[in-house]
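Read off the chains here:
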Amino acid sequence: QVQLVESGGGLVQAGGSLRLSCAASGRTFSSYPMGWFRQAPGKEREFVAAVTSSGATYYADSVKGRFTISRDNAKNTVYLEMNSLKSEETAVYYCAASTRWSFIAYQLMGFYEYWGQGTQVTVSS
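Each chain has its residues counted from 1, running along the sequence as written. Totals for whole chains, interfaces and linings use every residue, but because this is a predicted model, local features are given only for residues with pLDDT of at least 70 and side-chain atom pairs only at 80 or more, for both listing and counting. Hydrogens and water molecules were not included; the side-chain quantities draw on all heavy atoms of the structure.

## Some points on the pattern of salt bridges
We count a salt bridge whenever a side-chain nitrogen from Lys or Arg sits within 4 Å of a carboxyl oxygen from Asp or Glu. Tallying each qualifying case throughout the model produces 5 salt bridges. With a shortest N-O distance of 3.2 Å, E89 and R38 are connected by a salt bridge. With a gap of 51 residues between them, E89 in the loop between β8 (77–82) and β9 (91–97) and R38 in strand β4 (residues 34–39) connect regions that are remote in the sequence. A relative accessible area of 3% means that E89 is categorised as buried. Here D61 makes a salt bridge to K64, at a shortest N to O gap of 3.1 Å. Here the residues in one salt-bridge network are R38, E46, R66 and E89, joined through shared partners. Secondary structure is summarised from DSSP: a helix means a run of H or I of at least four residues, a strand means a run of E of at least two, and numbering begins at the N terminus for each. For the exposure calls, accessible area comes from a 1.4 Å probe over protein chains only, and a residue counts as buried if that area is under 20% of its type's maximum, exposed if over 50%, partly exposed in between.

Rendered as structure tokens:
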């Protein structure tokens, strides 16, 4: 069983930055691909970024060049650095973990077996 706890959300002005953290339990964290998703009010949850166990990173087109996902296996933590935030990126951001990797499915919610409770990010215009 893996437990994920997100933190770092808050209120930020458009153009600003935030860094989200996701602390994971479990001794095998380093072997888990990790992902970040977000869900805006009235919209479906969408993929934001993923990082493999070896550190390869993948991003949604909408955040490329502005967001950075990283992981610190010694701290069992994955991060999402968000820059140049836009008001439309106001959402609850979720951390997710998978026990396997797929180049086809990593953007799909169903690929991830474990989810955090989410952290609210509000970007004011």
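## Observations concerning the packing of aromatic side chains
Only Phe, Tyr and Trp rings are paired, with Trp represented by its six-membered ring, and only when their centres lie within 6.5 Å; those with planes under 30 degrees apart are stacked, over 60 edge-to-face, the remainder tilted. Within this structure, the stated rule accounts for 12 aromatic pairs. Summarising the aromatic geometry, the rings of Y58 and W101 are spaced 5.3 Å apart at their centres and angled 35 degrees between planes, so their arrangement reads as tilted. Of this pair, Y58 sits in strand β6 (residues 57–59) while W101 sits in the loop between β9 and β10 (114–115), and the two are 43 residues apart along the sequence. The structure contains a cluster of three or more aromatic residues connected by ring pairs, namely F37, F47, Y58, W101, F103, Y106, F111, Y112 and W115. Ring-over charges, as used throughout, are those where CZ of Arg or NZ of Lys falls within 6 Å of the ring centre and within 35 degrees of the ring normal. Its guanidinium or amino end placed over the ring of W115, R45 lies 5.1 Å from that ring's centre, counting from NZ or CZ.

Function-wise, these values are silent; they only describe arrangement.
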